[in-house]
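Structure at a glance
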Amino acid sequence: MAGARPKLPIIRLFHGEALFHAGQEARRFHLVRHGCVLVLDKGGERSRASFTTGDILGIPEVLAGGNWALTAVADGPTIVQPFCAAALFQTLEDMPETHNEFLRHIAQMA
């Protein structure tokens, strides 16, 4: 397929290892292939959200083009598949304009 980007390598995390930290640029979104990712509050003590096998995290943040507001860590051994933001933006460019604008508007609310 012409112009296709190679798949990014999977990320294997051990319990408590960070997938991303608050303040880092949100350049990738992630599919949890196995395990669980917890998004922690600003104090790093309580879970604000959890993502398990089959869940995708980070699309609104990537669409908004900002930084991660919180930190995400593995809850036990976890495997995630990262996807490059550029692939998401290319998909948006291929959508009808009204769909593209709607998704970007939703992302700004993240």
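Summarised in this report is the structure supplied together with it. (Residues numbered from 1 in each chain as written. Predicted model: local features only at pLDDT ≥ 70, side-chain atom pairs only at ≥ 80, totals over all residues. Heavy atoms only, no water.)

**Some words on the overall build of the chain**
Looking only at helices and strands, the chain has 3 helices and 8 strands in total. Across the 110 residues in the chain, those meeting the buried criterion constitute 31%. The contacts of the chain with a sequence gap of at least 6 include a subset with a gap of at least 24, amounting to 74%. Surface exposure of the chain reaches about 7,100 Å², of which carbon and sulfur atoms provide 55%. (Helix = DSSP H or I, 4+ residues; strand = E, 2+ residues; numbered from the N terminus. Buried < 20%, exposed > 50% of the residue type's maximum accessible area, 1.4 Å probe, protein only. Contact = heavy atoms within 4.5 Å. Areas by Shrake-Rupley, 256 points an atom, 1.4 Å probe, with all protein chains shown as cover.)

**Here we look at the nonpolar core**
Counting 16 residues, the largest nonpolar core has L19, F20, V37, L57 and A72 as the members making the most contacts within it. Residue assignment for this core shows that the elements contributing at least two residues are β2 (18–20), β3 (28–34), β4 (36–40) and β7 (71–74). (Core = buried A, V, L, I, M, F, W, Y, C linked by side-chain atoms within 4.5 Å.)

**Things to note about the layout of surface pockets**
Here the largest pocket is characterised by a volume of approximately 320 Å³. In terms of lining, the largest pocket is formed by 17 residues, of which the most central are V39, E61, W68, A69 and L70. Mapped onto the lining of the largest pocket, the elements with two or more residues apiece are β5 (47–52), β6 (56–57) and α1 (59–64). For the lining of the largest pocket, a count of residues per class yields 12 nonpolar, 3 polar and 2 charged. (1 Å grid on protein atoms, 1.4 Å probe; cavity = no way out; pocket = protein on both sides within 12 Å on 5 of 7 lines; lining within 4 Å. Points joined across faces, edges and corners; volume = space filled by probe spheres on them. Nonpolar A, V, L, I, M, F, W, Y, C, P; charged D, E, K, R; others polar.)

**Considerations on the pairing of β7**
The side-chain alternation of β7 yields two buried faces, one formed by T71 and V73 and the other by A72 and A74. Judged from the 2 bridges that link them, β2 and β7 form a sheet pairing that is antiparallel. Residue pairing in the sheet places A18 in a bridge with V73 of β7. (Pairing = 2+ DSSP bridges.)

**Details of the sheet that holds β5**
What the 4 strands build is an open sheet, ordered β2-β7-β4-β5; its pairing is antiparallel. Pairing within the sheet leaves two strands with one partner each, and these edge strands are β2 and β5. Between one strand axis and the next, the sheet turns by 30 degrees as a mean value, whatever way the strands run. Two elements, β4 and β7, share 4 bridges in a ladder whose sense is antiparallel. When the sheet's bridge partners are listed, V37 is paired in β7 with A74. (Axes fitted to C-alpha atoms, helices over the stretch in contact; angles between N-to-C directions.)

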